[in-house]
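Reading the structure
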Amino acid sequence: MSGFPNPLPRPPEEAERLRAVWRAPSGWRLISAVNNTYIGLFYVGAAMLFFVLAGILALLIRVQLAVPENDFLPQATYNQVFTMHGTMMMFLFAVPAVEAMGVYLLPNMQAARDLPFPRLSAYAFWAYAVGGLVFFCSLFFGLAPDGGWFMYPPLTSYEFSPGHNADFWLLGIGFIEISAIAGAIEILIGVLRTRAPGMTLDKLPVYSWAMLVFAVMIVFGFPAVILGTALLEIERSFHWPFFIAEKGGDPLLWQHLFWFFGHPDVYIIFLPAAGFVSTILPTMCGTKLVAHRWVVLALVATGFIAFGVWVHHMFATGLPKLSLSFFSAASMAVAVPSGIQVFAWIATIAKGKLRLTVPSLFVLGFLAIFTLGGLTGVMVAVVPFDWQTHDTFFVVAHFHYVMIGGMVFPLFAAFYYWAPTASRRALSERLGRWCFGLMFVGFNLAFFPQHIAGLMGMPRRVWTYPAELGWGWINMTSTIGAFILGLGALVFLIDLARNFRPFTGTNAGNVWNAGTLEWLPGGNYNTRSIPIVTSLEPLWDQPNLARDIDDGRYYLPGTATGRRETIVTSAISAKPQYVMQLPGPGWPTVLAAWFTAAFFLLLTVKLVVPASICGVIALGMLVRWMWDTDPGTAHPPVPIGGGIVLPVNCAGPRSHSWWATVVLLLVAGTVFASLLFSYFFLWTVSPDVWPAATGQVLPEWRWPAGSALLLLISSGLIWWSGRRLAVDAHWRMRGGLALAALALAAALAVEVTGLRRTGLSPVDSAYGAVVYTMAALQGLFVFTLAVMALYTLARSLAGLLHRHRRATFDNTLLLWHYAVAQGLVALAMVHLGPLVL
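Right, let's walk through the structure included here. (Residues numbered from 1 in each chain as written. Predicted model: local features only at pLDDT ≥ 70, side-chain atom pairs only at ≥ 80, totals over all residues. Heavy atoms only, no water.)

**Overview of a nonpolar patch on the surface**
A contiguous nonpolar surface patch, about 410 Å² in accessible area, is contributed by Phe448, Ile452, Met456 and Trp473. Within the secondary structure, Met456 is located in the loop between α14 (429–455) and α15 (472–499). (Patch = residues over 30% accessible without salt bridge, like charges linked within 9 Å, V, L, I, M, F, W, Y side chains within 5 Å. Areas by Shrake-Rupley, 256 points an atom, 1.4 Å probe, with all protein chains shown as cover. Salt bridge = Lys/Arg side-chain N within 4 Å of Asp/Glu carboxyl O. Helix = DSSP H or I, 4+ residues; strand = E, 2+ residues; numbered from the N terminus.)

Rendered as structure tokens:
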């Protein structure tokens, strides 16, 4: 990596060609843009829209509770408003907002031209935006969910919620969570593989570390709630009794699946916010972050410990005391890494000289509010105290101190801090101070009294309350505070309207004198040339770096292939490995997202035929989108500067798409692991519906043995097909792939036939329901792989698949072997499990 910066600037014609390649569509075609500078801002804007809408619902709730025995909202309407407020804040604002900031900031901060899968980011955004808007509009038709944002069964099962209201939550939110996982895969691969050369892990910005842990937590946390929503929707639609106690189900299974997602989700939201603070404070203090490595370790530790805290929400459900002790200790332990970060931030303030700008004020407000929320968190981690305050307004206050203090205040700090990178004008310091003051005072006035209401016994989730209980003055105070908080948010919106001017081709520049790379001059391509990174604050340590980069004195100063491109580096040492060609704007991505959203929403109201049509169109758009994403390695290697010549694109384990497929398999494996947990949990609580107690006949051994043999044959055939592709024996590869697909489908057919011959019904017992769910999950993979096999065969027949252009086949191969392994484990559980248990 020697020889940089180049002594002479590159010719201006190169910069012109680069701008032409990265030029965004104009007018209404702008919605087909895919690069992060546009999708990131679209994403943030949509998240803030949902924040405003959910905030309006919160004000309606506070008006209803302001005085005793109020009838401002009918009870049924209140239940819908209450449910929609919590759901939108958690699922449509909090996670998407921090994910959106990652999509916008990470390529800039890591000096990459874009994230590795721009169309995936665009697909995730449009699916989320369209699905979220339709979900919100269900309020106006009386179809909004009304079972609380947590949707506890049996209240939300078919017996007590027979309408479509709960279905909107289950299918809509499940679909939006899938969108969030798509974004997490993009971010995870982006952090690991698209960094500037030299940006080794010890030089990775704290924000990138926070987003890396964030993405990993989504990969392992969200599948549980996706499975839970699928099980509850199946129960509602087909009466399979996963949560019905009379048939061996258990409502607590939902709580385990939901809170295994729900409590890590608090830290999924908090960690990016902590990354904001760790990035903003050094700039505002004019000094490097104190204890950088300890802060990074604290982020990783928080992500790990967070998965051992979900029972924190279930202390009052009658769990064994040993379990309560373990999870109580874990709930306290998670405060330790958070404390490390707080002390590092305080030490950074003490080391430097803090400028009291608007971002600094929001950071200080965060420190005060989040610390109080952390203290009450330790209080509710103590089991006897939790028993007293469980389901009271004390928990509501604690939750909002953690979520608003720990996420909203840092997010507003980030808006004011990074707005100059996207707008030709910075946001107003005067309006920003008014915004902070109103939000800080209003928040504490709204939520601190709720601690007192909870200790006085006021339960949460109530529509109204009697006057003689003495809670009226507390609720009136909270309502006044909520409107002050809303006024602060309104000032922010006014500030945006007056000063935020994105997409003008210029920005306000490095107004804070920050040291990280997102402040480099650039356009839609983020950075004119890709620098070598030698420290954590490159712009501080290399004063001429910004000018040298803009002059094209570093890597890839133009477009080496005539297309959009960026450098892919190794995951640990950040050494350049190959040049990745990136896709440009396109309508198939947008249409695929819109029709996918339509498929799920039409399915919600049981319009199966229109939903199927939309599903087919969405699948067709996905195929069209994917058709150009495997350009192969036919392009000759290109020089990128410094005497380095890199191949164009890559296949196999070094490929970014191969890494993304592995992450997708981790998601799939976590879904399956959650299903296995459900199997064992239901057996533990209701062994009387298992074969050992009921005398249920198991399929004869020849059925599972035949299914297992066909699975192994399928795996062998797909491996053999890969070997044929390596020598360009195309017809043998095609034949092997077709036979492998037939064997995989036959294995599923044999297994289901064996189950049906025993008379086992998924409706009669939880055992039958969970067994058939395993078969259904395997069927989903069989269908997916059948589509992928047809797609791979089509590419082969079109001459787009050969030994130098085989990423499509390699990714299919990975998923295929996983499906076979999952099928074998499922067979063992269904046929050997009852004998052992």
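Now that the structure has been shown, the text picks up again.
**With respect to the pattern of salt bridges**
Inspection of every chain in the model, using the stated rule, returns 17 salt bridges. Arg433 serves as the salt-bridge partner of Glu429, at 3.6 Å between the closest nitrogen and oxygen. Taken together, the positions of Glu429 and Arg433, both in helix α14 and 4 residues apart, correspond to about one turn of that helix. Of the charged contacts, one joins Arg624 and Asp628 as a salt bridge, the two residues approaching to 3.2 Å between their closest N and O atoms. Residues joined by salt bridges that share partners form a network here, namely Asp167, Glu233, Arg236 and Lys606.

**Comments concerning the pairing of strand β2 (residues 576–582)**
Along β2, 7 of the 7 residues are buried, which leaves the element largely enclosed by surrounding structure. As judged from the 6 bridges shared by strand β1 (residues 564–569) and β2, these two strands associate in the antiparallel manner. The partner of Glu565 across the bridge, within β2, is Gln581. Hairpin geometry of β1 and β2 is characterised by an intervening segment of 6 residues between the two adjacent antiparallel strands and by a positive phi of about 55° at Ala574. (Buried < 20%, exposed > 50% of the residue type's maximum accessible area, 1.4 Å probe, protein only. Pairing = 2+ DSSP bridges.)

**Some details on the nonpolar core**
Where a protein is soluble and globular, its nonpolar side chains tend to be buried together. Core analysis: the biggest nonpolar cluster contains 267 residues, and Met88, Phe93, Met101, Phe258, Phe276, Phe362 and Trp418 have the highest contact counts within it. When residues of this core are assigned to their parent elements, the largest contribution, 21 residues, is made by helix α3 (residues 75–109). Those residues within four positions of Phe276 in sequence are excluded, and the remaining contacts are Met101, Leu105, Tyr207, Pro410, Leu411, Ala414 and Trp418. Among the nonpolar cores identified, the runner-up in size contains 8 residues, and Leu18, Tyr525, Val568 and Met580 belong to it. (Core = buried A, V, L, I, M, F, W, Y, C linked by side-chain atoms within 4.5 Å. Contact = heavy atoms within 4.5 Å.)

**Observations regarding a positive patch on the surface**
On the surface, Arg424, Arg425, Arg430 and Arg498 cluster together to form a positively charged patch. Tracing the backbone shows Arg498 in helix α15. (Lys, Arg positive; Asp, Glu negative; His and termini not counted. Charge placed at Lys NZ, Arg CZ, Asp CG, Glu CD.)

**Re unusual backbone geometry**
In this structure, Pro154 follows Pro153 across a cis peptide bond, with omega equal to 5°. With respect to the helices and strands, the residue Pro154 is situated in the loop between α4 (118–137) and α5 (165–193). One non-glycine residue, Ala291, lies in the positive phi region at around 60°. Locating Ala291 in the fold gives a position in the loop between α7 (251–285) and α8 (292–305). The exposure class assigned to Ala291 is partly exposed, which follows from its relative accessible area of 34%. Even without a glycine there, the phi angle at Asn649 is positive, about 70°. Mapping Asn649 onto the fold places it in the loop between β4 (644–646) and α20 (656–685). By relative accessible area, which is 8% here, Asn649 ends up buried.

Worth remembering: the numbers are spatial, not functional.
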